[in-house]
Every structure is written in structure tokens, then in C-alpha cells.
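Structural overview for review
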Amino acid sequence: MDLLDTIRTRRSLRAFQDEPISRQTLHEVLAYASNAPSAMNLQPWEVHVVLGEERKRLSHRLLQSYRERLITCGPGSMTPLPDRFIDRAKQCSEGMRPLVRRMGTDFKTYINEGSLDFYGAPAAILVFLDECFPLERMTDIGSFLAF
Ligand SMILES: Cc1cc2nc3c(=O)[nH]c(=O)nc-3n(C[C@H](O)[C@H](O)[C@H](O)COP(=O)(O)O)c2cc1C
């Protein structure tokens, strides 16, 4: 598969096999991502990899906080969004709704609880930006994630 095909067929996955992922594979993935461009080549990303039981413990704590405080995984908009964005969000949720129903849950629970459980992935890669950087450097974090 060439690069253009890879870009064209890329999808967000929300189902993973419950098999451990090797440290070598994780190192390789992160080495590729480290080729991402960043302002002044600062490479401001800080990466934490969480595996196995620790990953499950983290999800457990996140789910507990979500259920107690109903912090959602929404896109973070504090003000009402213009219609064209609302329409896109609706399209996205409507597309997933039949599958979600087949899994015996509702869209909101699936997205919020699924996200906090990393959809069952055996490894979670958490990427942080040190607070010494301004929020603009989130663009560098975005390019790291995209790579
Ligand atoms: C910054 C960002 C945050 C996202 N957050 C979530 C999330 O919390 N839960 C989720 O299931 N998908 C999340 N997604 C995936 C988007 O829903 C997905 O990219 C979008 O629906 C387009 O689908 P596609 O990636 O399969 O093309 C996120 C994507 C991005 C770029």
C-alpha cells in the first residue's frame, strides 16, 4: 500500500484485540512519530506509555471520575456551535448509532466510556505538553500524533 492509499483509507479504530503489544513495536512507532516537525525543532512532546494492568487501573480511575462528575469526551466547545458543525457531529453519531445499538448501549455511553477505556486497546500512549510551553505548541503535539 503506498502512502496516498494509507492516507485515503485511514480510519479511527474503536475495537482492539486483547493481545499485548511488544515493547519493540512501541519503540518503533514512537521513533517514527518522533520524525514529526515542530517549531524550532523543540520536540515539546512528552510521552507516557501505559500497559497491561496499569492501563486497566488508569481506565478504572478515569471511568470512576467520569461517572462521578460526568466529564465528557466532547470536543470541548463551551459555546453553542454553528449549525454546520452541529450537522457534522450529528452525521458522525447517526453513522455509528446502528452499530452502537447492536452492542447494546447508547451513543453517549459508548463514546464517553469507550474512550476512557481506550476501546480495550492493550496500550495507551499519553502525550503531554510541558506547562513551560504556550498552548500554541499544541500544534506540535498534533503533528506528533498525526505521524
Ligand atoms: C483531537 C481528536 C479527538 C478525538 N476524540 C475522540 C474521542 O474522544 N472518542 C472517539 O471515539 N473518537 C475521537 N476522535 C475520533 C474522531 O471521532 C474521528 O477522527 C472522526 O469521527 C473522523 O473519523 P475517521 O477518523 O474514522 O475518519 C477524535 C479525533 C481527534 C482528531
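Heads up: these notes are all about the structure in this document. (Residues numbered from 1 in each chain as written. Predicted model: local features only at pLDDT ≥ 70, side-chain atom pairs only at ≥ 80, totals over all residues.)

1. Quick look at helix H4 (residues 83–102)
Where we set the bar: In DSSP terms, a helix is any run of H or I states spanning at least four residues, a strand is any run of E spanning at least two, and both are numbered starting from the N terminus. How far a helix is expected to stretch is found by multiplying one less than its residue total by 1.5 Å. Here the bend at a residue means the angle between the axes of two seven-residue stretches, the one that ends at it and the one that starts at it. Three exposure classes are used. Buried residues have 20 or more other C-beta atoms within 10 Å of their own C-beta, exposed residues have 12 or fewer, and partly exposed residues fall in between, all C-beta atoms being placed from the backbone.
Compared with an ideal rise of 1.5 Å per residue, which puts 20 residues at 28 Å, H4 spans 29 Å between its outermost C-alpha atoms and is within 8% of the ideal. Of all bends in H4, the biggest is about 40 degrees, found at Met96, and the proline Pro98 comes one to four residues later. By the criterion of burial, H4 is predominantly exposed, with just zero of the 20 residues buried. Count one or two residues on from H4 and you reach Gly104, which has phi positive near 80 degrees.

2. Comments concerning the environment of Ser38
Counted only if it meets this: Contacts here follow a simple rule: the backbone-placed C-beta atoms of the two residues must lie within 7 Å.
Within the secondary structure, Ser38 sits in the loop between helix H2 (23–33) and strand S1 (45–51). On the neighbour-count criterion, Ser38 (16 C-beta atoms within 10 Å) is partly exposed. Distance in space between the C-alpha atoms of Ser38 and Thr9 is 26 Å, their sequence separation being 29 residues. Setting aside anything within four residues of it in sequence, one finds Ser38 in contact with Gln43, Pro44, Asp140 and Ser143.

3. A few points about unusual backbone geometry
Phi at Asn41 is positive, roughly 50 degrees, even though this residue is not glycine. Its place among the elements puts Asn41 in the loop between H2 and S1. Unusually for a residue other than glycine, Tyr119 sits at a positive phi of about 50 degrees. Mapped onto the elements, Tyr119 comes out in the loop between helix H5 (107–116) and strand S2 (123–129).

4. Topic: the packing of helix H3 (residues 52–69) against H5
The criterion, for reference: Here an axis means a line fitted to C-alpha atoms, over the contact stretch when the element is a helix, while the angle between two N-to-C directions is reported on a 0 to 180 degree scale. Throughout, the ten residues Ala, Val, Leu, Ile, Met, Phe, Trp, Tyr, Cys and Pro are labelled nonpolar, Asp, Glu, Lys and Arg are labelled charged, and all others, Gly among them, are labelled polar.
Running from N to C, H3 and H5 point in directions that differ by 145 degrees, and their axes come no closer than 8 Å. In contact with Ser59, Leu62, Leu63 and Tyr66 of H3, H5 contributes Asn112, Glu113 and Leu116. Among the residues making up the contact of H3 with H5, the classes are represented as four nonpolar, two polar and one charged.

5. Points about the site of the ligand
The test is simple: Placing the C-beta atom from the backbone, one calls a residue near a molecule or strand if that atom lies within 6 Å of it.
Close to the ligand lie Arg11, Ser12, Arg14, Cys73, Cys92, Ile111 and Ser115. Across the shell around the ligand, the residue classes tally to three nonpolar, two polar and two charged.

These figures capture arrangement, not role.
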